[in-house]
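# Topology and contacts: notes
What follows is each chain in one-letter form.
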Amino acid sequence: MNRYKKYIKPYLSAFILGPIFMIVEVVGDVIMPKLMSIVINYGTGQSGYEARGIPFILGVGAVMLVAALIMMLGGILGAYFAVKASVNFSADLRQDVFEKVQKFSFANIEKFSTGSLVTRLTNDITNVQNLIAMALRMLLRSPGMMIGGMIMAFMMNRQLAMVFCVVIPALLIALLLIMKVALPRFTVMQDKIDKLNSRIQENITNQRVVKSFVRDKFEKKTFDQASEDLKDNTLKALRVVIFTMPVMTLAMNLTIMAVVWFGGKQIIVGDMPVGDLTAFTTYVTQILISLMMMSMIFIQGSRALASVRRINQVLDTDIDLNDDNASRKDKLVESGRIEFKNVGFRYYKKHKHNVLSNISFTAEPGEVVGIIGSTGSGKTSLVQLIPRLYDCDEGQVLVDGVDVRDYSMENLRNGVAMVLQKNTLFSGSIMDNLKWGDENASSEEVYAAADAAQADLFIKDFTEGYDMELGQGGVNVSGGQKQRLCIARALLKKPKILILDDSTSAVDTATEAKIRESFSTSLKDTTKLIIAQRISSVEGADRILVMDEGQIVGQGKHEELLKNCETYQEIYYSQKSKEEVAG
């Protein structure tokens, strides 16, 4: 719980005032039945009570009215501060969880599904928020009402109040058993919500693929299965809640029946006034309602406790990529020189075989280095080690002669721009998306970057130009347009190292040639690594790395590799024959 103190401290006044005002309402709840019994007893002249006139009754009624108004004020303010405290608590917690997720490496993210992280940031934190709001309103009110009601009941009729000594312990034991049963069921229910959210996200994100393969029925079936699974587990968890309320209601009604039965006998023999029985019955109701409130807190607490454990799993995750051991955190990437020294890497550390083995090469500042090879040869894995999206397991990756692990990740990644294999744009205008490269860039700089990426012409063809709103993921632009926008975004960053991971695959060769030509002017001093499937995309590079099964099997210029590298020859002649057939 020490972890959560910092979320309470800024709003401590709300956490204190909420319960205090609820106690005001409780005091009113406790004295109201007694005032009502006074009205009945003195108004009807019960045995032992002298009949009073209308002025007395009106006077007591006025006191009751004032008490009701004070209770209302206490209830309103108590609810207000409870909501204020819970909402601010959850907002700060959600911010910290989100910031932790932002620091996750790819390996950390792979530990959780995307849907699970979304559920933890939304549904789980909302469960905690609801518990806090409920607890601040009921945690003192419920026992306060129960204790106050019991004191008043014992003061009025000790013999009749003994019924609580049987009912309350039995109900408390039942509540503890309910909580014990409910907790694991709510944990399973939250896991099922994770799976459903993952299913929804995957389906909506990939709607084009679903429709193009006519897999609507299959997706509907898998969604129905996930939804049915969630429904079954939710019913299993809530069955405990469903069972609780009838038991509590039955206990309340049986207790009231017992009180009326034994109290009625006492009235007949003159041992108890009618007003006291009326008040006593009200206290019975209050006491048992307070137990119902406690049961609701226990049930919500069970669900929130399951959510807290899931939130803690995120907060307790050790981030495997961090700056803790960085020895040169203040250093910036200045020239963009890249050197790999006998680098080995594997995604899953328990695997025997590396994805990359014995990788060694150097890229000088301003050079264009092409990387080519068959699918799965390790091209993308190699370039992801430069900005530390992953860390190598063997050897060193150096930038400007410094191990990338000695940089702060912010400074390292500020010097590197990547256009990934899977191009991603965000909701917002084209201008907003391009300014991801440099949020302070002027409009002229944005236009220049778009022009260099061959994106300016098609942007201007849109009615709203650079102000056109993009759908989620850029669904309202074509694949080639998306690639060019992503390249423009990277160019605007003015990086020392630019990595293009097969980022012109959806662009025609003429447009691709213009983009490469612009690099020689707009990014003259930037080190450029270009991963490509087409040899035409890299044949003009200063150096070409040929990869096969996680190793560099050849490096040099295009002409050298055609003479000396068998793998490169195979790629070249297979593509050339396809072009001849196509021609």
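So, a few notes on the structure that sits alongside this text.

Analysis parameters
- Residues numbered from 1 in each chain as written.
- Predicted model: local features only at pLDDT ≥ 70, side-chain atom pairs only at ≥ 80, totals over all residues.
- Heavy atoms only, no water.
- Phe/Tyr/Trp six-rings, centres within 6.5 Å; stacked < 30°, edge-to-face > 60°.
- Buried < 20%, exposed > 50% of the residue type's maximum accessible area, 1.4 Å probe, protein only.
- Helix = DSSP H or I, 4+ residues; strand = E, 2+ residues; numbered from the N terminus.
- Contact = heavy atoms within 4.5 Å.
- Pairing = 2+ DSSP bridges.
- Axes fitted to C-alpha atoms, helices over the stretch in contact; angles between N-to-C directions.
- Parallel < 35°, antiparallel > 145°, perpendicular 65-115°, else oblique.
- Left-handed = near helix turned anticlockwise from the far one by under 90°.
- Nonpolar A, V, L, I, M, F, W, Y, C, P; charged D, E, K, R; others polar.
- Expected span 1.5 Å × (residues − 1).
- Core = buried A, V, L, I, M, F, W, Y, C linked by side-chain atoms within 4.5 Å.

### What about the packing of aromatic side chains?
Tallied over the entire structure, the rule returns 15 aromatic pairs. Seen from their ring centres, F104 and F112 are 6.0 Å apart, and the 15° between their planes marks the pair as stacked. Accessibility expressed as a relative area gives 7% for F104, which makes it buried. Members of the aromatic cluster, joined through ring pairs, are Y4, Y7, F15 and F89.

### Digging into the environment of V30
Note on placement: V30 falls in helix α2 (residues 12-44). By relative accessible area, V30 is classed as buried at 11%. When the C-alpha atoms of V30 and G479 are compared, they prove to be 70 Å apart, with 449 residues separating the residues in sequence. With near-sequence residues (within four places) excluded, V30 lies in contact with G148, G149, M152, Y283 and Q286.

### Considering the sheet that holds strand β2 (residues 356-363)
Taking strand neighbours across the sheet as the criterion, the four strands line up as β2-β1-β4-β5 in an open arrangement whose pairing is antiparallel. Lying at the two open borders of the sheet, with one neighbouring strand each, are β2 and β5 (402-403). Across two bridges, strand β4 (residues 394-399) lies against β5 in antiparallel orientation. What sits directly across from V399, in β5, is V402.

### Quick look at the packing of helix α15 (residues 443-452) against helix α17 (residues 479-492)
Viewed as axis vectors pointing N to C, α15 and α17 meet at an angle of 130°, and their least axial separation amounts to 8 Å. Relative to α17, α15 is oriented oblique. With respect to the hand of their crossing, α15 and α17 are arranged in right-handed fashion. Along the contact surface, α15 presents E445, V446, A449, A450 and A452, while α17 presents A488, L491 and L492. Here the residues of the contact of α15 with α17 are counted per class, giving seven nonpolar, no polar and one charged.

### Things to note about the sheet that holds strand β9 (residues 497-501)
By definition, the strands of a sheet pair up through backbone hydrogen bonds, in either a parallel or an antiparallel sense. If you walk across this open sheet you meet the six strands as β6-β9-β10-β3-β11-β12, and the pairing is mixed. Either end of the sheet is taken by a strand with one partner, and the two such strands are β6 (416-419) and β12 (551-556). Neighbouring strand axes in the sheet, compared pairwise and without regard to direction, differ in orientation by 15° on average. The pairing of strand β11 (residues 543-548) with β12 spans five bridges and is classified as antiparallel. Within β12, the residue paired with V546 across the bridge is G554. Strands β6 and β9 of the sheet are contacted by α17, whose axis makes an angle of about 180° with β6.

### A short note on the pairing of strand β3 (residues 368-373)
With five of six residues buried, β3 is to be regarded as a mostly interior element. With four bridges joining them, β3 and strand β10 (residues 527-531) adopt parallel strand pairing. Within β10, the residue paired with I371 across the bridge is I531. When β3 meets β11, the two strands line up parallel, connected through five bridges. Opposite V369, over in β11, you have R543 as the bridge partner.

### Some thoughts on helix α6 (residues 141-156)
For α6, which comprises 16 residues, the first-to-last C-alpha distance of 22 Å matches the rise-based estimate of 22 Å (1.5 Å per residue) to within 8%. Regarding α6, the residues found buried are R141, S142, M145, M146, G148, G149, M152, A153 and M156.

### Considering the nonpolar core
In this structure, I430 and L491 are the most contacted members of the largest nonpolar core, which totals 44 residues. Per element, the largest residue contribution to this core is seven residues, and it comes from α17. Non-local contacts of I430, meaning those with residues more than four positions away in its chain, are made with I459, F462, G465, Y466, M468, L470 and L485. Core analysis: the second largest hydrophobic core is formed by 36 residues, A161, M248, F280 and M292 among them.

Such coordinate-based values are descriptive only and should not be taken to indicate function.
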